[in-house]
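Observations on the model geometry
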Amino acid sequence: MQLKTKHLKFIINSTAVLFMVFALGNSGFAQEVIVTDSTAIQPKTEIAEVKVLPGKGERVKVDGIAAVVGGFVVLDSDIELMYKDLKSQGVSTADVTDCQLAGSLLENKLYAHHAIQDSIIVADAEIGNMVDQQISQMVGQIGSIEKVLNFYKRDSEDGFRKELFDINKQRELSTRMQQKIVEDVEITPDEVRAYFENIPEEERPFFGDEVEIAQIVIKPEIPQTEKQKVIDRLNDFRDDVIDNGASFSTKAVLYSQDPGSAADGGKMIITRKDGLDKDFKDTAFSLQEGEVSEPFASMFGYHIIKVERVIGQNLEIRHILLIPDVTSATVENAKKEIDSIRFQIVNKEITFEKAAEKFSDEEQTAANKGKLINPTTGDTRFELTKIDPEIYDQVVNLEEGEVSLILSEQDRTGRLFYKLITVNKRYPEHKANFAQDYMKIKDLALRQKQLNVISDWMEEKIADTYIKINGKFRNCDYSSNWLKK
């Protein structure tokens, strides 16, 4: 059955939110019980752990098993925690039911169970890296590991780390299983057209006001003398560490200009799959344990790296970043250059597209005649209601073909640069049109096809997997046949 277009986005986003909340929420963590022999499990209608409250002799139910899926157990507390996590993130739970949350958990357990059956590998070192980063972020937000444990009502750091490890491991298994299910799903133009034509006219989606944007970026030149200053300083740091045994970590705290790692002594745990600067990653993975790199350049500035230890395929490193600065003279030259470029465009001496190709210091957009690519859709159109607020303010009042005044911004290192923006084309709000909105319709059609493939996979695996639903959760009206009726 075709999923109506107007509901598709809601369903995809809801599933993602529930899965994310289950994996790691703000108010607590779902308990995971791994069963090594699922065929031996025959839960009664309700199995509960019971404890006696200290000094009271009162027996209270701590937890019960809501369901078993393959080698995984869903506890009553998992569902309760999902409610708390949704509320803590400001999500309304007025229309969310226990049955919906239970269904989401059952799906995640099914994915994880079959990921193991299909020998999908999630390296322990990778999960350990995730846990380290999560703990570091929590400590940074709350203040200390003791405060983190108190906030999450956990007794020990080791136990807390183990809990986070299990949650992240299951999450990754589930995610990779879903990716495997749909990795070969493709869609043809004929299928896209058929999908669109099968949407009733009154149910075809509306797309908001959109714009195609292009820009020219001029960056002040960094004098070679400034570059050499930071290279010389990094060499001094390196020599002191190697020759005199100075602390790399202390130097990172005192001097590194990387706000994300300096306070932690420049510490990072990286993998080959991380979206880091290529030169940074290549240098790190070329080093031996204990080795300190020569100074090298990245898109952020200049670094030295020390490899603390090798963790499987991952590295625990420390690094120091120094950012060479521009000078007042090079800033003034950049401003004069972009002013001259704007004058030439406005006076029809050169087109915006040619100027972007010839002068822009932003390689990615210069190669595309200045056009910005929407990272969400992969095309050149941006919906105004979803665009970055800063860009919105810059383009909302521009007419097609109009060139903005000179705009100044700062890059990720804090250095000033200048840019010009133009709106190549505006698309007013309209009902979906096959020719005009092909890329969006293709994306919707592909998602629908992926959902159909996942639905077929789930139907098959539910039938082949040991599943036991207990108590009130047997009365739910699930979208999948969890009760095998």
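Structure shown above.
I will try to describe carefully the structure that is included in this document. Note that the structure is a prediction, hence the values are computed from the model and not measured. All residue numbers refer to positions counted from 1 along the written sequence of the respective chain. Only residues with pLDDT of 70 or above have their local features reported here, since the model is predicted, and side-chain atom pairs are shown and tallied only from 80 upward, although totals for entire chains, interfaces and linings are computed over all residues. Side-chain numbers here rest on the full set of heavy atoms in the structure, without hydrogens or water.

**Some words on the overall build of the chain**
Heads up, the rule is: The way it works is that DSSP assigns letters per residue, a run of H or I at least four long becomes a helix, a run of E at least two long becomes a strand, and they are numbered from the N terminus. Think of it in three bands: residues with accessible area under 20% of the maximum for their type are buried, residues over 50% are exposed, and the middle band is partly exposed, with areas taken using a 1.4 Å probe on protein chains only. Contact between two residues is taken to exist if any of their heavy atoms lie within 4.5 Å; hydrogens are not considered. Methods summary: accessible areas were calculated by the Shrake-Rupley approach with a probe of 1.4 Å, and residue burial reflects only the protein chains presented.
When its secondary structure is counted, the chain shows 15 helices and 14 strands. Within the span of the chain, comprising 485 residues, buried residues form 45% of the whole. Counting only contacts in the chain whose residues sit at least 6 apart along the sequence, the fraction spanning at least 24 positions is 67%. For the chain, the exposed surface amounts to about 26600 Å²; the carbon and sulfur share of it is 49%.

**Some thoughts on the pattern of salt bridges**
What counts here: Here, a salt bridge means any Lys or Arg side-chain nitrogen found within 4 Å of an Asp or Glu carboxyl oxygen.
Here the structure, examined in full by the defined rule, presents 28 salt bridges. Between Glu-126 and Arg-176 there is a salt bridge, with the nearest N and O atoms lying 2.5 Å from each other. With a gap of 50 residues between them, Glu-126 in helix α4 (residues 124-142) and Arg-176 in helix α6 (residues 157-182) connect regions that are remote in the sequence. Exposure remark for Glu-126: the relative accessible area of 21% places this residue in the partly exposed category.

**As for the nonpolar core**
Within soluble globular proteins, side chains that are nonpolar tend to cluster in buried spots. Quick reminder of the rule: Throughout this description, the term nonpolar core refers to a set of buried Ala, Val, Leu, Ile, Met, Phe, Trp, Tyr and Cys residues connected via side-chain atoms within 4.5 Å.
In this structure, Ile-469, Tyr-478 and Trp-482 are the most contacted members of the largest nonpolar core, which totals 46 residues. Considering each element in turn, this core owes the most residues, 8 residues, to helix α3 (residues 98-117). Ile-341, Ile-350, Phe-352 and Tyr-418 belong to the second largest nonpolar core, which has 17 residues in total.

**A word on the side chain of Thr-465**
Relative to the elements of secondary structure, Thr-465 occurs in the loop between α15 (438-464) and β14 (467-469). Residue class for Thr-465 comes out buried when judged on its relative accessible area of 3%. Contacts of Thr-465, omitting those with residues within four sequence positions, involve Val-69, Gly-70, Leu-110, His-113, His-114 and Lys-484.

**As for the state of the cysteines**
As a reminder, the rule being used: Cysteine sulfur atoms are paired as a disulfide whenever they come within 2.5 Å of each other.
Considering all chains together, one arrives at 1 disulfide under this definition. Each sulfur of the disulfide joining Cys-99 and Cys-476 lies 1.9 Å from the other. Handedness here is read from the sign of the S-S torsion; for Cys-99 and Cys-476, about -75°, the answer is left-handed. One end of the pair, Cys-99, is in helix α3; the other, Cys-476, is in the segment after β14, and 377 residues separate them in sequence. Overall, Cys-99 belongs to the partly exposed group, its relative accessible area being 28%. Under the relative-accessibility criterion, Cys-476 is labelled buried at 7%.

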